[in-house]
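Breakdown of the fold
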Amino acid sequence: MQLPTIIDIEASGFGRGSYPVEVGFVATDGALFCGLIRPEPDWLHWDDGAEALHGISRALLQQHGKPARWMAEQLNTRLRGQVVFCDGWGHDYTWLARLYDAVELRMSFKLDDLRKLLNEDEAQRWKGVTEAVRSRQQLTRHRASSDARVLQLALGEVKNAATA
């Protein structure tokens with residue numbers, strides 16, 4: 001089974017006013033892409049709890065973040081025409097919409113919920129498998145491309161266990 005492209009987004013927080021601070025994905029061939037996003041002038045919401053989780057500060061974004069337009073164009077170029085999966089569709093779609101709205105572009109790819117790829121048995125094993133993969137990868141922080149890689153590897157394990 002060829003594994004699908006998986007995307008993950010780190011954000012300034014949750015809820016109203018939050019916005020993407022980092023987008024990363026792992027492609028079907030295993031190639032990784034990741035980038036920080038410099039906040040737009042009207043992107044003001046900041047949650048210290050989110051920063052503690054992903055370790056990305058506003059100062060880091062101001063210093064090393066790419067413009068929102070650059071990120072949206074990179075995603076469109078690299079993901080054009082694909083169905084890209086995520087594990088938090090409700091949040092991830094909102095954050096991508098915020099990114100694309102800010103630069104007046106449209107997404108050239110479709111975002112879908114990774115859970116649609118899992119049958120009932122696989123869904124029950126999902127959390128344990130993702131935790132085991134994260135542990136084997138020795139990941140302690142949540143960052144977008146490494147989280148996307150964990151999700152893709154876990155999907156492969158869950159699917160391979162079903163066919164074994």
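Presented here is a report on the structure given in the accompanying data block. Keep in mind that what you see is a predicted model, and the values were worked out from it rather than measured.

**Describing the nonpolar core**
In terms of nonpolar packing, the biggest core is built from 28 residues, with Ile7, Leu75, Leu96 and Leu99 touching the most fellow members. If you list the elements that add at least two residues to this core, you get strand E1 (6–11), strand E2 (20–26), strand E3 (32–36), helix H3 (68–79), strand E4 (83–86) and helix H4 (89–102). Listed in part, the 15 residues of the second largest apolar core include Ala148, Val150, Leu151 and Leu155.

**Brief notes about helix H5 (residues 120–136)**
With 17 residues, H5 extends 25 Å from end C-alpha to end C-alpha; this agrees with the ideal 24 Å at 1.5 Å per step. Remark: the principal bend of H5, roughly 45 degrees, maps to Trp126. For H5, the set of buried residues is Glu122, Trp126, Val129, Thr130, Val133 and Arg134. The N-capping residue of H5, defined by a side-chain oxygen 3.0 Å from the backbone nitrogen of Asp121, is Asn119.

**Notes on the packing of H3 against H4**
Following both chains from N to C, one finds H3 and H4 inclined at 115 degrees, their axes separated by 9 Å at the closest point. Of the possible angle classes, the one that applies to H3 and H4 is roughly perpendicular. Here H3 and H4 pass one another in a crossing that is left-handed. For the pair formed by H3 and H4, the contact residues are Ala68, Met71, Ala72, Leu75 and Asn76 on the first element and Leu96, Leu99 and Tyr100 on the second. Of the residues belonging to the contact of H3 with H4, the class tally is 7 nonpolar, 1 polar and no charged.

**Examining the side chain of Ser12**
Inspection of the secondary structure puts Ser12 in the loop between E1 and E2. A distance of 3.4 Å separates polar atoms of two side chains, one belonging to Ser12 and the other to His45. The contact partners of Ser12, leaving out residues within four places of it in the chain, are Gly17, Ser18, Tyr19, Val21, His45, Trp46, Asp47 and Ala50.

Parameters and conventions
- Residues numbered from 1 in each chain as written.
- Predicted model: local features only at pLDDT ≥ 70, side-chain atom pairs only at ≥ 80, totals over all residues.
- Heavy atoms only, no water.
- Core = buried A, V, L, I, M, F, W, Y, C linked by side-chain atoms within 4.5 Å.
- Buried < 20%, exposed > 50% of the residue type's maximum accessible area, 1.4 Å probe, protein only.
- Helix = DSSP H or I, 4+ residues; strand = E, 2+ residues; numbered from the N terminus.
- Expected span 1.5 Å × (residues − 1).
- Bend = angle between axes of the 7 residues up to and from the residue.
- Polar contact = N/O pair within 3.5 Å; in protein donor to acceptor, adjacent residues only side chain to side chain.
- Axes fitted to C-alpha atoms, helices over the stretch in contact; angles between N-to-C directions.
- Parallel < 35°, antiparallel > 145°, perpendicular 65-115°, else oblique.
- Left-handed = near helix turned anticlockwise from the far one by under 90°.
- Contact = heavy atoms within 4.5 Å.
- Nonpolar A, V, L, I, M, F, W, Y, C, P; charged D, E, K, R; others polar.

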